[in-house]
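# Structural description and commentary
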Amino acid sequence: MGIQLEDEKTVPLSAILEKLHIKLGNNISCAAKYDELTIPHEEGARRLGNARSVLKHLAKAKHQNEMADQFDELFIDSTAALYLTFSGLDVPACMLARRSLELGLVLVCYWDSPVDYWAWKSHDADISFSKLYSYISSDGYKSFLAEEGKDNSEKFLDVINNMPKLYSTLSNVVHPKIYNFEITSDEVFGISESELRETLQRIKSVQDCLLVILETRFPEMNN
């Protein structure tokens, strides 16, 4: 069923939004039978949120104290992404997942780089996934982890090696690609088990990626 963009009678935007609200609410109700699928996602969101209290104790500099509070944003993004997924809004859900991945990298990388943090916060410096990835995947960062007694394990290396593919997958969802168009679906803003599982897996992949990086850099999170 396609979208009728023109009609002889103008429909107020408020009426359109109300119908959309009802449609998305029905999606959530219909998807309730898949609630069990979200158990690991909810756990992942809470573990990301718990980073705040752990890092509050580890913070030694002003920028680190501020960044500890900013980990709440990761929890909010993960939770909102799940809400959007169950509403049938897969593209916005993946947008939030990609935002979480980028923000998580910023918070880990800038924890040890106060100049970059203050440039980002106080001077609106742009962030770049490629630069953040180069930083965290560098031999220097791996040596830093090793010298600090962190577990620079195969699990961490696997996550680092697979991160570009994950980011590319999320980017292909975010950028206008014909296969992501809602109008190609049989029912616009509909929900299906296959799409639900696919989007949930993308969110989980981001959560797992960030948790491995965080727990490698901050082993205290494992306690």
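Just above, that's the structure.
Residue positions are given per chain, counted from 1 along the sequence in the order it is written. At least 70 in pLDDT is required for a residue's local features to be given in this predicted model, at least 80 for side-chain atom pairs to be given and counted, and no such filter applies to totals for whole chains, interfaces and linings, which use all residues. Only heavy atoms go into the side-chain values, all of them from the structure, while hydrogens and water stay out.

### Describing the overall build of the chain
- Only DSSP runs of H or I covering at least 4 residues are called helices, and only runs of E covering at least 2 are called strands; the numbering of each starts at the N terminus. Helix and strand counts for the chain stand at 10 helices and 0 strands.
- Listing each helix as α and each strand as β along the chain from the N terminus yields α-α-α-α-α-α-α-α-α-α.
- Three labels apply to residues, based on accessible area from a 1.4 Å probe with only protein chains included: buried if under 20% of the type maximum, exposed if over 50%, partly exposed otherwise in between. Expressed as a percentage of its 223 residues, the buried residues of the chain come to 41%.
- Contacts are residue-level and defined by heavy atoms, with any inter-residue pair within 4.5 Å sufficient. Residue pairs at least 24 apart in sequence account for 77% of intrachain contacts in the chain once pairs closer than 6 positions are excluded.

### Here we look at the state of the cysteines
- When two cysteine sulfur atoms lie within 2.5 Å, the pair is treated as a disulfide. Throughout the structure, instances matching the rule amount to 0 disulfides.
- Among the cysteines around C94, which has no disulfide bond, C209 carries the closest sulfur, lying 15 Å off.
- Free cysteine C109: the closest other cysteine sulfur is in C209, separated by 11 Å.

### Digging into the nonpolar core
- Among the nonpolar cores identified, the biggest contains 56 residues, and L101, I136, M163 and I213 are the most heavily contacted of them.
- Elements with a minimum of two residues in this core: α2 (39-58), α3 (62-70), α4 (72-87), α5 (90-111), α7 (129-136), α8 (139-147), α9 (154-174) and α10 (193-217).
- In terms of residue count, α5 provides more of this core than any other element does, 13 residues in total.
- When neighbours within four sequence positions are excluded, M163 is seen to be in contact with L101, L105, F129, Y133, C209 and I213. Joining through side-chain atoms within 4.5 Å is the link that ties buried Ala, Val, Leu, Ile, Met, Phe, Trp, Tyr and Cys residues into a set, and such a set is a nonpolar core.

### Regarding the packing of aromatic side chains
- Note on aromatic pairs: the rings of Phe, Tyr and Trp (six-membered ring only in Trp) are paired at centre separations within 6.5 Å, and the planes decide the class, stacked below 30 degrees, edge-to-face beyond 60, tilted for the rest. Tallied over the entire structure, the rule returns 8 aromatic pairs.
- Ring geometry for Y110 and W120: centres 6.0 Å apart, planes at 70°, overall edge-to-face. Pair noted here: Y110 is in helix α5 and W120 is in helix α6 (residues 114-122), with a separation of 10 residues, a long-range link.
- With 5.3 Å between their ring centres and 80° between their planes, W111 and F218 make a pair best called edge-to-face.

### Description of the environment of P176
- Inspection of the secondary structure puts P176 in the loop between α9 and α10.
- Sequence spacing of P176 and D35 is 141 residues, and the spatial spacing of their C-alpha atoms is 30 Å.

### Quick word on the side chain of S137
- Examined against the element boundaries, S137 turns out to sit in the loop between α7 and α8.
- By relative accessible area, which is 18% here, S137 ends up buried.
- In protein, a polar contact requires one atom able to donate a hydrogen and another able to accept it; more generally it is a pair of N or O atoms within 3.5 Å, and residues adjacent in sequence count only if both atoms are side-chain atoms. At a separation of 2.6 Å, a polar atom in the side chain of S137 contacts the main-chain carbonyl oxygen of Y133.
- Leaving out residues up to four positions away in the same chain, S137 has contacts with K142 and I160.

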